[in-house]
Amino acid sequence: MIRKLVFIAFVLIGTNHVLNAQTVYFNGLGRALVTNDKIAGLALDPDTVGAQTDNTNPRRGTGGYTIFDLGVNAQPNEMLRAHALLRIQNEFGGFYGDGSFLLFRQMRLDGVLGKLVKYEIGDLDLALTPYTLYNFEEMYNDFEADIFAIRRSVVHYENFNFGNKWRVQGFNTSAAFQYEKGIERLGFRAFATRPRRTDFLATPDRIFMGGRVDVKQSKFFNVGINYANFFDVMSTVATEIVNYNNKVYTADVAGTYELEKLKFQLLGEAGMSDYRFDTMDVEVRRNENNIFYDLGLSGEYKPLKARLTVSYREVQPMFSSPGAQTRRINDFAQANLFPTMGNAPLTMDRRAILMDRISQEHGIRNLTLQPMLMPFLPQYNNITPFGMATPNRRGVTVTANGGGDEELIRTSATIDLLSEVQGEGVASLREFTGIRGGFVLNAHKLLGWESIIAINAGIRHESTTRELSPINLQSTLYDAGLTVEVLKGLDLIGGYKLLTARGNEFLAVYVMDGAFIDDYMEINIDTKEHILAFGGRYRFSKNSYFTLQGHFAGFTNNENRFNNYTMNQAFLNYTMLF
Amino acid sequence: MNKYSIQSNFKNGILVSVSLLIALLLVSSCAKRTDFIGSELVTMPEGFFVADNSFSASPDRVNFERDKAKFSAEFSHRVTWRIKLQGLTSGANKVIKGTSDKLDPDSIQWNGSHDGLYFFMRDEKVLAELTFMGGNLTLIDTIDVLRAKLYGNQGFSVSNDSRPTTFEGFEGASFNISGLFWLDPYFDGRREMAERDPMLNDKDKPVQGEYAFTLSGTDITNSYFVGGFKRNITAMERNAIKWPEDPDSVYINIYLYGRGDGVTKLNFSMEEADDGGPSHREDRHDAFEFQFNFEHTGWKLFSVRYSDLTRAANPDYGGSGNNVKEPNKVRSIAFNAISSPPNNYVKATFDFPIITFGKPFNPRE
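Being a predicted model, the structure only gives us computed values, none of them experimental.

## Structural notes on the overall build of chain A
1) Next: Of the regular secondary structure elements, chain A holds 5 helices and 25 strands.
2) Next: Relative to its length of 578 residues, chain A is compact, with a C-alpha radius of gyration of 26 Å against a globular reference of 25 Å.
3) Next: In terms of overall dimensions, chain A has a C-alpha envelope of 80 × 70 × 65 Å along the principal axes.
4) Next: The long-range fraction of contacts in chain A, counting pairs at least 24 apart against all pairs at least 6 apart in sequence, stands at 63%.
5) Next: Put simply, chain A shows about 25,800 Å² of open surface, and 60% of that area lies on carbon and sulfur atoms.

Dropping the structure here:
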């Protein structure tokens, strides 16, 4: 009710100031999305005598919605800007207002006080460093086809995945001071958010707060200090059973040395985590301090925009940083599309596969910072399942990249040669080898055409091995795509993704208390997941488009063909940003 | 800034960074560590076998009120094993795991406790599966539960029978409401209901045994209070179980079935006899209370420390004593359903209330 009143107030303010276009302005998004889906395969129609056909679950479906996000921004002066995003949504099949609903998607107040201190209150998007607060990509997709990027952009928008920031609720403030001698700039930043609300019974409030002080000595040297603290506020429940507190302190440096055609940079970050888990039961208490460091050197040849970076990092086994290690995706989530297969009592949940990971808007994405390491499936990312801050990793990473999106070619190649710092359950260490890279070739520049012809290809291969309690897991992700502008603004787009994984792993089951690793989940994989997609896109403008696509996806389990199925989807989407 | 100061700045930056790196390398290399982190993991080697393919749980029928199930097997190699116990009626589960070259019945035992929410039940069959890391070998045995484990060793179980080793929770052959329990006189059977409740289906089954308890009704008097019942602690029970004096070491634990309901509350009241006498006098002694809500969904265990209870506000109903929390003087325990806000229908379902001493209830022990 209060939110509705506030929104009405905003509209009234806007109406009163309608002649002053600088005080109130609108932005937003409109989208219409329709899918028509079909599932088939041995998982539903087994071909052996006596096996039961799935006659419980549907094989086809149609769904979609129209949404209109209206952002109202009222800025009466420099000190205050109020922003509210109202969503009107109509699910497919609920026309004429029936089935429509209204909700507030986000609200924020921000402004500048005294021309010095910036502040934000409400729904915020925050990030710090890859080891303190960072929303990392769960899987390599730097060179995926445009046709998949379109699907992914819808998912990112719905889940507030804007770059590598986390959507949180709280308060953020920053200030910067400029100097003429000694140092150029001194910056301060502080934030406080509440990822979890108390139930006043057994679940206390959980707070995440932190900040940064950075000093820019000159364009050649920067240093920063970061702090993040994730903790439960014990006084918000009647009885304090567990006292949890996780602090992270880091320092980062950046040194730059530039010549006419060359540029060298030294980049590094190091720090420690301080983890406290206190309970009545002494046996399960855990108090740990663990460190990390990450140091890299890069050289760039500016005329070609060619850059080579070599870095070494070590993250100790119990380094804990919830803001940096929380995953944005739940690998074990059930798919929304055709969520179950098989007749009772043998009904099985259909786990989200590659197709669902790039297209499922809700139910698979995690939007809340988690106090401990989340479970994951190794075929999607086994080297850095928790981002750069993945604990128990040490080794070298070499990256070479060149070009840019507006150049003839953009290319990148990265090699990870990493190992564990300490064995999990055995004295032997896992060894990780990762190779990833790809290119986008703007072929039209080669041909001298104005119409776009872009070819992209990418690959990510991971190898995990261990000698004792043997592990051998190989997974490869292939990406290919083509975009051809046949008429002005009209593109034919196509793409292919293939993920193969074979081998075994023993995944640790992490707990917050003293055991740290409570158990191991044995996984044997021999699977393939693929998506082949093609379609068209008409670009009305830079921010508006219509697309019609066909997606043909499949899951193959080479160890049990009765898990195999295919999914086909026709996808229509009109999106307009304003 | 000239070229030489640029170089000087960069050199200084390099020196600082390299020094930091060396320091960190030294620290990390000197850091004390064990061979590995987490529990030990030894996978089945080639040629592994279980002697005589034999895995046994004995006895076949166990009374967990006084006995334990013991497991035995001999392995060809040292390996990480797991025994998964699954109650075929209750759905309760327990995992026992370890790394060794055999299951020694003197040490690998199960006392009837459980992981997760649900308790094992009397007269149910439990499937015991022995598996090994890194292999597909599975051996199976079964155990019949004659009597389920009692948790009274952790404190005082608020059961519906005063005999020390009988039923816990709201089980038992019948629900005895005279002497031991009594229903609030305002609890009118026509419009409000108190019942031992087997609940509706597998998904909503009681967390322990066959019965949970439900208090439901409508606050038609607009007074917040709907109704409840009281469990008296008998002299025999007081003599058998000595309650601590320190309120910091006494915990009230109860499983509540939440329906996402913002209105239903359960008032849990510990009624003391401040004069040390045999019974609580509501107009002369203290009652210390806690109000649970049911905003969650499904079963959930809640634990509250006695020292975090608040004194009853009404001087005629538990607010007239010495205002000192004395758990060793508790004489009765009351459960009352409350409508907050008032004038609403409420339904409070709960199970297995237990007062523990020293720490919160731990069903895994």
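## A look at the overall build of chain B
1) Next: When helices and strands are tallied, chain B shows 2 helices and 18 strands.
2) Next: The contacts in chain B between residues at least 6 apart in sequence include a share of 72% that link residues at least 24 apart.
3) Next: When the accessible area of chain B is evaluated, it comes to approximately 17,000 Å², of which 50% is carbon and sulfur surface.

## Brief notes about the interface of chain A and chain B
1) Next: Listed by partner, the interface residues are 49 residues for chain A and 45 residues for chain B.
2) Next: Here chain A and chain B share 3 salt bridges between them.
3) Next: The salt bridge involving Asp519(A) is made with Arg82(B); its shortest N-O contact spans 2.5 Å.
4) Next: Every element with two or more residues in the side of chain A that touches chain B is listed here: β8 (205-218), β10 (242-258), β11 (262-279), β12 (286-301), β18 (423-424) and β23 (517-541) of chain A.
5) Next: Ranked by residue count, the leading element in the side of chain A that touches chain B is β23(A), at 5 residues.
6) Next: A per-class count over the side of chain A that touches chain B returns 27 nonpolar, 12 polar and 10 charged.
7) Next: Of the strand pairs in this sheet, β18(A) and strand β1 (residues 36-37) of chain B are connected by 2 bridges, and their pairing is parallel. Along β1(B), the bridge assignment pairs Glu424(A) with Ile37(B).

## So, the pattern of salt bridges
Between side chains of opposite charge, a pair can form as their charged atoms come close.
Residue and element names in this part refer to chain A.
1) Next: Going through the model one piece at a time under the given rule, you end up with 56 salt bridges over all chains.
2) Next: Between Arg152 and Glu138 there is a salt bridge, with the nearest N and O atoms lying 3.8 Å from each other. On the criterion of sequence distance, the pair formed by Arg152 in helix α2 (residues 146-158) and Glu138 in the loop between β5 (117-126) and α2 is long-range, its members being 14 residues apart. The same class applies to Arg152 and to Glu138, which are both buried.
3) Next: Between Arg194 and Asp205 there is a salt bridge, with its nearest N and O atoms 3.5 Å apart. With Arg194 in strand β7 (residues 185-196) and Asp205 in strand β8, the pair connects residues that are 11 residues apart, well separated along the chain.

## Structural notes on the packing of aromatic side chains
Each aromatic ring pair is specified by the distance between its two centres and by the angle formed by the two planes.
All names here are of chain B.
1) Next: Scanning the entire structure with this criterion turns up 45 aromatic pairs over all chains.
2) Next: Geometrically, the ring pair formed by Phe119 and Tyr255 is edge-to-face, given 5.6 Å between the ring centres and 75° between the ring planes. Taken together, the residues Phe119 in the loop between β6 (109-110) and β7 (124-132) and Tyr255 in strand β14 (residues 250-272) connect sequence positions 136 residues apart.
3) Next: The buried category is assigned to Phe119, whose relative accessible area is 3%.
4) Next: Residue class for Tyr255 comes out buried when judged on its relative accessible area of 1%.
5) Next: Ring centres of Tyr255 and Phe361 lie 6.5 Å apart, and the angle between their planes is 80°; on these two criteria the pair is classed as edge-to-face. In this pair, Tyr255 sits in strand β14 while Phe361 sits in the segment after β18 (345-357), placing the two residues 106 residues apart along the sequence.
6) Next: Owing to a relative accessible area of 5%, Phe361 belongs among the buried residues under this scheme.

## Digging into the side chain of Gln569(A)
Residues and elements named next belong to chain A.
1) Next: Within the fold, Gln569 resides in strand β25 (residues 565-577).
2) Next: According to the relative accessible area criterion, Gln569 is buried, its value standing at 7%.
3) Next: Polar side-chain contacts of Gln569 include one of 2.6 Å to the side chain of Asp37.
4) Next: Gln569 has contacts with Thr35, Asn36, Asp37, Arg151, Leu337, Met355, Gln549, Gly550 and His551, leaving out every residue within four places of it along the chain.

## A look at the environment of His285(B)
Residue and element names in this part refer to chain B.
1) Next: Along the polypeptide, His285 turns up in the loop between β14 and β15 (287-305).
2) Next: Taking C-alpha positions, His285 is 51 Å from Asp60, a pair spaced 225 residues apart along the chain.
3) Next: Not counting the four nearest positions on each side in its chain, His285 is found in contact with Glu272, Ala273, Asp274, Asp275, Ser279, His280, Gly318, Gly319, Ser320 and Gly321.

## Focus on the side chain of Asp491(A)
Residue and element names in this part refer to chain A.
1) Next: The residue Asp491 is located in strand β22 (residues 490-510) in this model.
2) Next: Of the polar contacts made by the side chain of Asp491, one reaches the side chain of Arg539; its length is 2.8 Å.
3) Next: Ignoring any residue separated from it by four or fewer positions in sequence, one finds Asp491 in contact with Thr483, Val484, Glu485, Gly535, Gly536, Arg537 and Arg539.

## Focus on unusual backbone geometry
1) Next: For the peptide bond that leads from Ser58(B) to Pro59(B), omega is -5°, which places it in the cis range.
2) Next: With respect to the helices, strands and loops of the structure, Pro59(B) is situated in the loop between β2 (56-58) and β3 (61-63).
3) Next: Here the residue pair Ser340(B) and Pro341(B) is connected by a cis peptide bond, since its omega of 10° sits within 30 degrees of zero.
4) Next: Turning to its location among the elements, Pro341(B) is positioned in the loop between β17 (330-339) and β18.
5) Next: The backbone of Asn392(A) sits at a positive phi, close to 65°, despite the residue not being glycine.

## Observations concerning α2(A)
Residue and element names in this part refer to chain A.
1) Next: Under the 1.5 Å per step criterion, the end-to-end length of α2 is 19 Å for 13 residues, consistent within 8% with the ideal 18 Å.
2) Next: The buried count for α2 comes to 10 of 13 residues, which makes it a mostly enclosed element.
3) Next: Regarding α2, the residues found buried are Ile147, Phe148, Ile150, Arg151, Arg152, Val154, Val155, His156, Tyr157 and Glu158.
4) Next: Phe160 sits one or two residues past α2 and shows a positive phi near 55°.

## As for the environment of Trp166(A)
1) Next: The topology assignment puts Trp166(A) in strand β6 (residues 166-178).
2) Next: For the pair Trp166(A) and Arg394(A), spaced 228 residues apart in the sequence, the C-alpha separation amounts to 26 Å.

## Considerations on the pairing of strand β21 (residues 471-487) of chain A
Residues and elements named next belong to chain A.
1) Next: Pairing geometry for strand β20 (residues 453-466) and β21, over 14 bridges, is antiparallel. Bridge assignment links Ile455 to a residue of β21, and that residue is Leu482.
2) Next: In sequence, β20 turns back onto β21 through a hairpin of 4 residues, with Ser469 there showing a positive phi of about 45°.
3) Next: Taken together, the 15 bridges between β21 and β22 define a ladder with antiparallel strand orientation. Counted as the bridge partner of Thr483 is Ile493 from β22.

## Side note on the confidence of the model for chain B
Keep in mind that low pLDDT regions are not for reading the predicted coordinates in detail.
Residue and element names in this part refer to chain B.
1) Next: Averaged over every residue, the pLDDT of chain B is 83; residues scoring 70 or more account for 80%.
2) Next: Contacts of residues 28-33 to residues separated by more than four positions or lying in other chains number 11 contacts, the stretch itself having pLDDT below 50.
3) Next: Residue range residues 188-192 is modelled with pLDDT below 50. Its contacts to residues more than four positions away, or to other chains, number 10 contacts.
4) Next: The complex prediction reports pTM at 0.87, with the ipTM value standing at 0.82.

## Comments concerning the pairing of β22(A)
Residues and elements named next belong to chain A.
1) Next: In this structure, the hairpin formed by β21 and β22 is closed by a connection of 2 residues, where Gly489 is found at a positive phi of approximately 85°.
2) Next: Sheet topology places β22 next to β23; 21 bridges connect them, and they run antiparallel. Along β23, the bridge assignment pairs Thr500 with Lys528.

## With respect to a nonpolar patch on the surface
All names here are of chain A.
1) Next: Taken together, the side chains of Leu408, Ile409, Phe439, Leu446, Leu447, Trp449, Ile455 and Leu482 present a nonpolar region at the surface, about 710 Å² in accessible area.
2) Next: By the secondary structure assignment, Leu408 is in the loop between β16 (393-403) and β17 (409-419).
3) Next: Of the residues examined, Leu408 reaches a relative accessible area of 34% and is grouped as partly exposed.

## Looking at the environment of Asn164(A)
Residues and elements named next belong to chain A.
1) Next: Topologically, Asn164 is positioned in the loop between α2 and β6.
2) Next: For Asn164, a relative accessible area of 27% translates into the label partly exposed.
3) Next: A C-alpha to C-alpha distance of 38 Å links Asn164 and Arg561, two positions 397 residues apart in sequence.
4) Next: Among all residues touching Asn164, those that are not within four sequence positions of it are Leu126, Ala127, Tyr134, Asn135, Phe136, Glu137 and Arg328.

Parameters at a glance
- Residues numbered from 1 in each chain as written.
- Chains lettered and ligands numbered in written order.
- Predicted model: local features only at pLDDT ≥ 70, side-chain atom pairs only at ≥ 80, totals over all residues.
- Heavy atoms only, no water.
- Helix = DSSP H or I, 4+ residues; strand = E, 2+ residues; numbered from the N terminus.
- Rg over C-alpha atoms; globule rule 2.2 N^0.38 Å.
- Contact = heavy atoms within 4.5 Å.
- Areas by Shrake-Rupley, 256 points an atom, 1.4 Å probe, with all protein chains shown as cover.
- Salt bridge = Lys/Arg side-chain N within 4 Å of Asp/Glu carboxyl O.
- Nonpolar A, V, L, I, M, F, W, Y, C, P; charged D, E, K, R; others polar.
- Pairing = 2+ DSSP bridges.
- Buried < 20%, exposed > 50% of the residue type's maximum accessible area, 1.4 Å probe, protein only.
- Phe/Tyr/Trp six-rings, centres within 6.5 Å; stacked < 30°, edge-to-face > 60°.
- Polar contact = N/O pair within 3.5 Å; in protein donor to acceptor, adjacent residues only side chain to side chain.
- Expected span 1.5 Å × (residues − 1).
- pLDDT = per-residue confidence, 0-100.
- Patch = residues over 30% accessible without salt bridge, like charges linked within 9 Å, V, L, I, M, F, W, Y side chains within 5 Å.

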